[in-house]
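So you can see what is in the structure, the chains are spelled out below.
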Amino acid sequence: MKRLQYLDTPVEYLKGVGPKRADLLREELEIFTFQDLLHFYPFRYIDRSRFFTVSEVRADMLYVQIRGRITDIQLHGKNRTTRMTAWLEDATGRIELVWFRGFKWLKDQFKPGVEYIVFGKPSLFGSKFTIAHPEVEPVTPGAINQDSAMQPVYNSTEKLKSMGLDSRGIGKLVKTLLPQVRDHIRETLPSHILASLKMLPRDECLLNVHFPVNDILLKKARARLKFEELFYIQVNLLQNRMLRNSKLQGHVFTQIGDYFNDFFHKHLSFSLTAAQKRVLKEIRGDTLSGRQMNRLLQGDVGSGKTIVALMSMLMAIDNGFQSSLMAPTEILAFQHYESISTMLRPLGLRIGLLTGSTKSADRREILADLKEGRLDILIGTHALIEDVVRFKRLGLVVIDEQHRFGVAQRARLWSKSQVPPHVLVMTATPIPRTLAMTLYGDLDVSVIDELPPGRKPIKTLHQYDRNRLKVFGFMREQIKSGRQVYVVYPLIQESEKLDLKDLTDGYESIVRDFPPPRYSVSIVHGRMKPADKDYEMQRFAQGHTHIMVATTVIEVGIDVPNATVMVIESAERFGLSQLHQLRGRVGRGAEQSYCILMSKDELSIDARKRLEVMVTTNDGFRIAETDLQLRGPGDIQGTQQSGILDLKIADLTQDEGILQFARKQAKRLLEDDPMLDKSANRIVRAQLNKLYPESVQWGRIS
Ligand code: ADP
Ligand code: MG
């Protein structure tokens, strides 16, 4: 049992909190204990030592602090209760102050002739600046530079604010907390690291991160806390990898056999790119090594990851093993099943498909076949990792478009057989380096960095909705020359009904402009029955329909080389990686392909930037980096659940340097002391167990 520490005290018992505020702190900010509050870091700081004059106020300032006199206080509105205004004057001019609530008791507070310090965010209305709800206090010796120049700003929410817990209120709680817990803060980095990196002790950092004594200490405090956060992630990942490599046996695929050779020499209709060959060699090396392979395969949309997966599975089969391929959606699983079955037909292999909607009779049969070894390849969705799915001799698992599966799910695969299968993880789109290092830092990485030859780069255009007719004209031209067209609508969970209406309206308008019998239009969305979906997909894939109207269900993997136009409606509502995925559905054949991003006229700055990036580059790595910059890691698809990115202070968009450094330090530490047995590293081991209690128990694997 874990012994309760003082820092585990429920936050309710902190002076100034109590049961009601404690409830809110839990619900809104996941602050349960003293420790949680201690680790709830300010997201920025304001410099309260700096004063501005009225004439220096500009529209882009986050806040200003001005000294002056307050004059001409007035109440406005019906019964004079809607707002209060006043002027703040200094030698350079005057600026309006305004309050919309809570001013009744305020109005008699301001005394004529007294100098005040006013602090708040200026906004520009027409040509006039106002500061709404400023903090105001009289100039007294204590008021200026009271504790320190830098004041913390904490995230808060409307609910918290209504209970007095705005940034300032939270700051007060932290201020009460710090002296109480100071002696209970334990060091979490070993002294040899602290000494060699010249880092401050942890308690000092925690005090300074909330209430910095000065700029330099704040910088040092933040640097250490960021380092520490990233360091432990890396120690965990690297130690897992190391122990896996030394303790886990892997199946040895001794030979390249008939299936592989037959396919490669007789049935592959194109030659592999140099990058594909290189990756296959890397996989071959892994599966010969006697260790379990855990490899991440990164490659841009359309770079040909599937064929690499397929040929790796043939290696397994040549050595008497079964393989499985796991896809994130039913549609994609089905498409893999179809295309892989077609490609492998001449080899006479037995391939099964298992998804959530597989009928129970079929399911029973598949499961029995699998167990008896009558199936060579099983393709499916995450239904594959359920415990009832038992293989006779599973040698390789390929996970396509991985970052929708969590890290924990990956680990579950190991329990599928005595010797764990080799694992090949393929990502849908490139992921930024910092993210890859954090999410997949325990994997070896292969990159396919070239596209198959003969591909023409996709031309991407941004069009406003009002130019729709022009776009329709272009679609007609393309259809006339034998091509096919996708039209995609956003579908966002919360407003699914509304979006579905967008989709069906859009479908109807397209049918009006592209009427039968000359044209035929397919529609696919997530609410359709899988069988209907598949039917529509097939009609389009086989060229029976000209236009596919769809939601993002077609985002991943779908492969129809004859489709050359991707029209994305309300493109401003999509994230960058999603746009890039969608665009990757075209440009798969030899014809010139186009991606047309439709949007309304008024766009947010971020949306405009996203569309601009799409128009200017086809490079998935660049797009991924921009995506991370614009949205931050929390929003990148599929990473939310993984938990590993609940970073409290480090920022993957800005701290690549610290991350690299932390990884290097973690590596060095583990090279010197793999099991963290040395007494100097006891602190690391304790902290690791605390942070990752559910981590694989390597000690038990021998
Ligand atoms: P992704 O990496 O996005 O999963 P796919 O594996 O779906 O890409 O491949 C995209 C298309 O390119 C498929 O139609 C595939 O058959 C084709 N392809 C893959 N490798 C080659 C190659 N070396 N030469 C020509 N075409 C290829
Ligand atoms: Mg793919």
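Sequence order as written defines residue numbering, which begins from 1 separately in each chain. All chains are assigned letters beginning with A, and all ligands numbers beginning with 1, in the order in which they are written. Per-residue local features of the predicted model are confined to residues with pLDDT of at least 70, and side-chain atom pairs are confined, for both listing and counting, to 80 or more; whole-chain, interface and lining totals are unaffected and use all residues. Only heavy atoms go into the side-chain values, all of them from the structure, while hydrogens and water stay out.

Asker: It is not clear to me how the overall build of the protein chain should be interpreted in this structure. Could you clarify?
Answerer: Strands here are runs of E lasting at least two residues and helices are runs of H or I lasting at least four, both read from the DSSP assignment and numbered beginning at the N terminus. A count of helices and strands for the protein chain gives 22 helices and 22 strands. Its C-alpha atoms give the protein chain principal-axis dimensions of roughly 95 × 70 × 45 Å. Across the 702 residues that make up the protein chain, the buried fraction comes to 52%. We call two residues contacting when some pair of their heavy atoms lies within 4.5 Å. For the protein chain, the share of sequence-separated contacts (at least 6 apart) that also reach a separation of at least 24 residues comes to 73%. Averaging the coordinates of the 99 positive side-chain charges in the protein chain and doing the same for the 83 negative ones gives two points 1 Å apart. Each residue is placed in one exposure class: buried if its accessible area under a 1.4 Å probe, protein chains only, is under 20% of its type's maximum, exposed if it is over 50%, and partly exposed if it falls in between. Within this scheme the basic residues Lys and Arg register as positive and the acidic residues Asp and Glu register as negative, but His and the chain ends are omitted. Note that the charge is assigned to NZ on lysines, CZ on arginines, CG on aspartates and CD on glutamates.

Asker: Hey, could you run me through the site of ligand 1 in this one?
Answerer: When at least one non-hydrogen atom of a residue lies within 4 Å of a molecule or strand, that residue is treated as near it. Around ligand 1, the surrounding shell holds 16 residues, and the nearest of these are Q276, G302, T306, R455 and D559. Note that a nitrogen atom of ligand 1 is positioned 3.0 Å from one of the backbone N or O atoms of S271. N or O atoms within 3.5 Å of each other form a polar contact, as long as, within protein, one can give a hydrogen and the other can take it, and as long as residues adjacent in sequence are counted only when both atoms are side-chain atoms. At 2.7 Å, a side-chain N or O of T306 approaches an oxygen atom of ligand 1. Method for areas: the Shrake-Rupley scheme with a 1.4 Å probe, in which residue coverage is limited to the protein chains shown. Coverage of ligand 1 by the protein chains reaches 83% of its 560 Å² of free accessible surface. Under this grouping Gly is polar, as are all residues other than the nonpolar Ala, Val, Leu, Ile, Met, Phe, Trp, Tyr, Cys and Pro and the charged Asp, Glu, Lys and Arg. Here the shell around ligand 1 is built from residues that sort into four nonpolar, seven polar and five charged.

Asker: Explain the pattern of salt bridges here, please?
Answerer: It is possible for side chains of opposite charge to pair when their charged atoms get near one another. In what follows, salt bridge is the name for a side-chain nitrogen of Lys or Arg lying within 4 Å of a carboxyl oxygen of Asp or Glu. Scanning all chains against the criterion turns up 30 salt bridges. Here D672 makes a salt bridge to K678, at a shortest N to O gap of 3.1 Å. With relative accessibility at 40%, the residue K678 sits in the partly exposed group. Counted as one network, the salt bridges with shared partners bring together E187, R202, R224 and E228.

Asker: Would you mind going over the environment of L165 with me for this structure?
Answerer: Relative to the helices and strands, L165 resides in the loop between α3 (158-162) and α4 (167-181). Given a relative accessible area of 0%, L165 falls into the buried group. A C-alpha to C-alpha distance of 61 Å links L165 and L272, two positions 107 residues apart in sequence. Those residues in contact with L165 that sit more than four places away from it in its chain are R21, L25, S156, L160, I170 and L173.

Asker: Explanation requested: helix α20 (residues 620-631) in the structure shown.
Answerer: In an α-helix, one turn spans 3.6 residues, which is why side chains three or four residues apart end up on the same side. Expected helix span is computed as 1.5 Å times (number of residues minus one). Between its terminal C-alpha atoms α20 stretches 16 Å, which fits the 16 Å expected from twelve residues at 1.5 Å a residue. Along α20, the residues classified as buried are G620, I623, A624, T626, D627 and L628. Lining the buried residues of α20 we find α14 (433-439), α18 (576-583) and α19 (605-616).

Asker: It is not clear to me how the domain arrangement of the protein chain should be interpreted in this structure. Could you clarify?
Answerer: Where the parts come together, the accessible area they lose is often given as the size of the interface. Marked domain ranges trace back to an automatic or database domain assignment. Partitioning the protein chain into structural domains gives domain 1 (50-144), domain 2 (258-289 + 304-427) and domain 3 (459-617). Put simply, the middle of domain 1 and the middle of domain 2, counted by C-alpha atoms, are 67 Å apart.

Asker: Explanation requested: the sheet that holds strand β11 (residues 322-326) in the structure shown.
Answerer: Hydrogen bonds between backbone groups are what pair the strands of a sheet, and the pairing can be parallel or antiparallel. Strand order in the open sheet formed by seven strands is β12-β13-β11-β14-β15-β10-β16, and the pairing between neighbours is parallel. A strand with exactly one partner marks an edge of an open sheet, and here the two such strands are β12 (351-354) and β16 (444-448). Pairs of neighbouring strands in the sheet enclose a mean axial angle of 20 degrees, with direction left out of account. A pair of strands is treated as paired once DSSP finds two or more bridges between them. Bridge count for β12 against strand β13 (residues 377-380) is four bridges, and the pairing is parallel. Looking across to β13, one finds that G352 is bridged to L378. The angle between two axes is taken between their N-to-C directions and runs from 0 to 180 degrees, where each axis is a line fitted to C-alpha atoms and a helix contributes only its stretch in contact. The strands touched by helix α11 (residues 330-344) are β11, β12 and β13; relative to β12, the strand with the most contacts, the crossing angle is about 175 degrees.

Asker: What exactly am I supposed to notice about the sheet that holds strand β20 (residues 547-550) here?
Answerer: Strand order across the open sheet formed by six strands is β17-β22-β21-β18-β20-β19, with parallel pairing between neighbours. Both edges of this open sheet fall to β17 (459-464) and β19 (521-524), since each of them pairs with a single strand only. Strand-to-strand, the axes of this sheet are offset by a mean angle of 20 degrees, without reference to chain direction. Relative to strand β21 (residues 563-568), strand β18 (residues 484-488) is paired through five bridges, and the arrangement is parallel. Within β21, the residue paired with Y486 across the bridge is M566. In the packing of α19 onto the sheet, contacts are made with β17 and β22 (594-599), and the angle to β17 comes to roughly 145 degrees.

Asker: Help me understand the packing of aromatic side chains, please; the structure alone is not making it clear to me.
Answerer: Any aromatic ring pair is given by two values, namely how distant the centres are and how the planes are angled relative to each other. Side-chain rings of Phe, Tyr and Trp (the six-membered ring for Trp) are treated as a pair once their centres are within 6.5 Å; stacked means planes under 30 degrees apart, edge-to-face means over 60, and tilted covers the remaining angles. Counted by the stated rule, this structure contains 14 aromatic pairs. Considering the side-chain rings of Y6 and F34, the 5.6 Å spacing of their centres and the 80 degrees angle between planes classify their relative orientation as edge-to-face. In this pair, Y6 sits in the segment before α1 (18-29) while F34 sits in helix α2 (residues 34-38), placing the two residues 28 residues apart along the sequence. The exposure class assigned to Y6 is partly exposed, which follows from its relative accessible area of 30%. The exposure class assigned to F34 is buried, which follows from its relative accessible area of 2%. Both rings, one in F227 and one in F661, keep their centres 5.8 Å apart while their planes meet at 50 degrees; by these two values the pair is tilted. Note that F227 is positioned in helix α7 (residues 215-247) and F661 in helix α21 (residues 656-672), a separation of 434 residues in sequence. Residue classification places F227 among the buried positions, given a relative accessible area of 1%. For F661, a relative accessible area of 31% puts it in the partly exposed group. Among the aromatic side chains, those forming a connected cluster through ring pairs are F227, F231, Y232 and F661. Either the NZ atom of lysine or the CZ atom of arginine qualifies as a charge over a ring when it sits within 6 Å of the ring centre and within 35 degrees of the ring normal. Here K175 stacks its cationic end above the ring of F211, 4.9 Å away from the centre of that ring.

Asker: Mind showing me how you'd approach the pairing of β12 here?
Answerer: The side chains of a regular strand alternate, residue by residue, between the two faces of the sheet. Of the two faces of β12, the one holding I351 and L353 and the one holding G352 and L354 are both buried throughout. Note on the crossover from β12 through helix α12 (residues 360-372) to β13: the handedness is right-handed. The handedness rule is simple: strands pointing away from the viewer, and a clockwise path from the first strand over the helix to the second, make the crossover right-handed.

Asker: Is there a simple way to think about the packing of helix α6 (residues 202-210) against α7 in this case?
Answerer: Each packed pair of helices is defined by two parameters, the angle between the axes and the distance between the axes. For the pair α6 and α7, the least separation of the axes is 8 Å and the interaxial angle reads 120 degrees. Considering the relative orientation of α6 and α7, their crossing is left-handed. Contacts between α6 and α7 involve R202, E204, C205, L206, N208 and V209 from the first element and L217, L218, A221, R222, R224, L225 and E228 from the second. Considering only residue class, the contact of α6 with α7 consists of seven nonpolar, one polar and five charged. Each crossing gets its hand from how the near helix is turned against the far one by less than a right angle, where anticlockwise is left-handed and clockwise is right-handed.

Asker: Would you mind going over helix α15 (residues 468-480) with me for this structure?
Answerer: Here α15 spans 18 Å end to end across 13 residues, near enough to the 18 Å set by a 1.5 Å rise per residue. Among all positions of α15, only V471, F472, F474, M475, Q478 and I479 are buried. Here the buried residues of α15 occupy an arc of 160 degrees about the axis, which is enough to place them on one side. Away from its buried face by more than 90 degrees, α15 exposes L469, K470, E477 and K480. Positive backbone phi, approximately 95 degrees, marks G482, located one or two places after α15. Throughout, the arc means that of the directions going from the helix axis to the C-beta atoms.

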